[in-house]
Amino acid sequence: MDNYYEYGSYDKTASTPEHDLVMKARKSLEITGVKHVDSFDNEEFLLETSMGFLAIRGQHLKMKNLNVEQGRVSIEGKIFDLSYLDHHEGEKAKGFFSKLFK
C-alpha cells in the first residue's frame with residue numbers, strides 16, 4: 001500500500017496559505033493559515049482559516065500572539081473543543097452563529 005492521502009495536501013501549488021494546528025497538552029494552541037479573527041472571549045474563539053471557520057472552545061482562553069501578515073494565532077488556556085463549521089453542516093453553523101450574535 002504505497003499510495004496514501006495526506007489531508008490538506010491536495011494542491012500544493014494553490015495560493016491558499018497552509019493551515020496547521022499544533023496543540024500542546026490541551027493548554028497551548030498554535031494555528032497557521034488564519035485569515036481573520038471573527039470573535040473571541042475567554043471561553044470561545046471563532047477564526048476564519050484557509051480551510052473554513054474554526055471554533056475553539058475552552059476555559060480561561062487568551063490570545064497569546066497574533067500575526068495578521070503571516071496568518072498565525074497562538075491561544076493559551078484549557079482547550080475543550082475544536083470544530084470546523086463547514087457549508088455541509090449548515091444547521092450546526094447556523095445554530096452556532098445564532099447563539100454567538102444574540
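Residues numbered from 1 in each chain as written. Predicted model: local features only at pLDDT ≥ 70, side-chain atom pairs only at ≥ 80, totals over all residues. Heavy atoms only, no water.

Looking at where Thr32 falls in the secondary structure, it is placed in the loop between strand 2 (28–31) and strand 3 (34–40). For the pair Thr32 and Asn67, spaced 35 residues apart in the sequence, the C-alpha separation amounts to 9.5 Å. Once you skip the residues sitting within four places of it in the chain, Thr32 turns out to touch Glu18, His19, Asp20, Gly71 and Arg72. (Helix = DSSP H or I, 4+ residues; strand = E, 2+ residues; numbered from the N terminus. Contact = heavy atoms within 4.5 Å.)

What follows covers unusual backbone geometry. Located in the positive-phi region is Ala25, a residue other than glycine, with phi close to 55°. By the secondary structure assignment, Ala25 is in the loop between strand 1 (21–24) and strand 2.

Turning next to the sheet that holds strand 3. Note on sheets: strands pair through backbone hydrogen bonds, and any given pair is parallel or antiparallel. What the six strands build is an open sheet, ordered 1-2-6-5-4-3; its pairing is antiparallel. In the strand order of this sheet, the two ends are held by strand 1 and strand 3, each with one partner. When the angles between neighbouring strand axes are averaged without regard to direction, this sheet yields 35°. Across 12 bridges, the pairing between strand 5 (residues 52–67) and strand 6 (residues 72–85) is antiparallel. Paired with Gly58 across the strands is Ile79, a residue of strand 6. (Pairing = 2+ DSSP bridges. Axes fitted to C-alpha atoms, helices over the stretch in contact; angles between N-to-C directions.)

It is worth spelling out the pattern of salt bridges at this point. Opposite charge on two side chains allows them to pair when their charged atoms are near. Within this structure, the stated rule accounts for two salt bridges. Residue Asp81 pairs with Arg57 through a salt bridge whose shortest N-O separation is 2.6 Å. Within this pair, whereas Asp81 is found in strand 6, its partner Arg57 is found in strand 5, the two being separated by 24 residues in sequence. Under the relative-accessibility criterion, Arg57 is labelled partly exposed at 23%. Salt bridges sharing partners connect three or more residues here, namely Glu44, Arg57 and Asp81. (Salt bridge = Lys/Arg side-chain N within 4 Å of Asp/Glu carboxyl O. Buried < 20%, exposed > 50% of the residue type's maximum accessible area, 1.4 Å probe, protein only.)

This part is about the pairing of strand 1. Of the strand pairs in this sheet, strand 1 and strand 2 are connected by four bridges, and their pairing is antiparallel. Its bridge partner lying in strand 2, Met23 is registered against Leu29. Hairpin geometry of strand 1 and strand 2 is characterised by an intervening segment of three residues between the two adjacent antiparallel strands and by a positive phi of about 55° at Ala25.

Attention now goes to a nonpolar patch on the surface. The grouping of Leu21, Met23 and Leu82 at the surface amounts to a nonpolar patch, some 210 Å² of accessible area in total. Relative to the assigned elements, Met23 resides in strand 1. (Patch = residues over 30% accessible without salt bridge, like charges linked within 9 Å, V, L, I, M, F, W, Y side chains within 5 Å. Areas by Shrake-Rupley, 256 points an atom, 1.4 Å probe, with all protein chains shown as cover.)

So, about the environment of Ala55. By the secondary structure assignment, Ala55 is in strand 5. Placed 26 residues apart in sequence, Ala55 and Asp81 show a C-alpha to C-alpha distance of 7.9 Å.

Right, let's talk about the nonpolar core for a bit. Listed in full, the 12 residues of the largest apolar core are Leu29, Ile31, Val34, Val37, Phe45, Leu47, Leu54, Ile56, Leu61, Val73, Ile75 and Ile79. For this core, the secondary-structure elements that each account for two or more residues are strand 2, strand 3, strand 4 (44–49), strand 5 and strand 6. Setting aside chain neighbours within four positions, we find Ile56 in contact with Leu29, Ile31, Glu43, Glu44, Phe45, Leu47, Leu61, Ile75, Ile79, Asp81 and Leu82. (Core = buried A, V, L, I, M, F, W, Y, C linked by side-chain atoms within 4.5 Å.)

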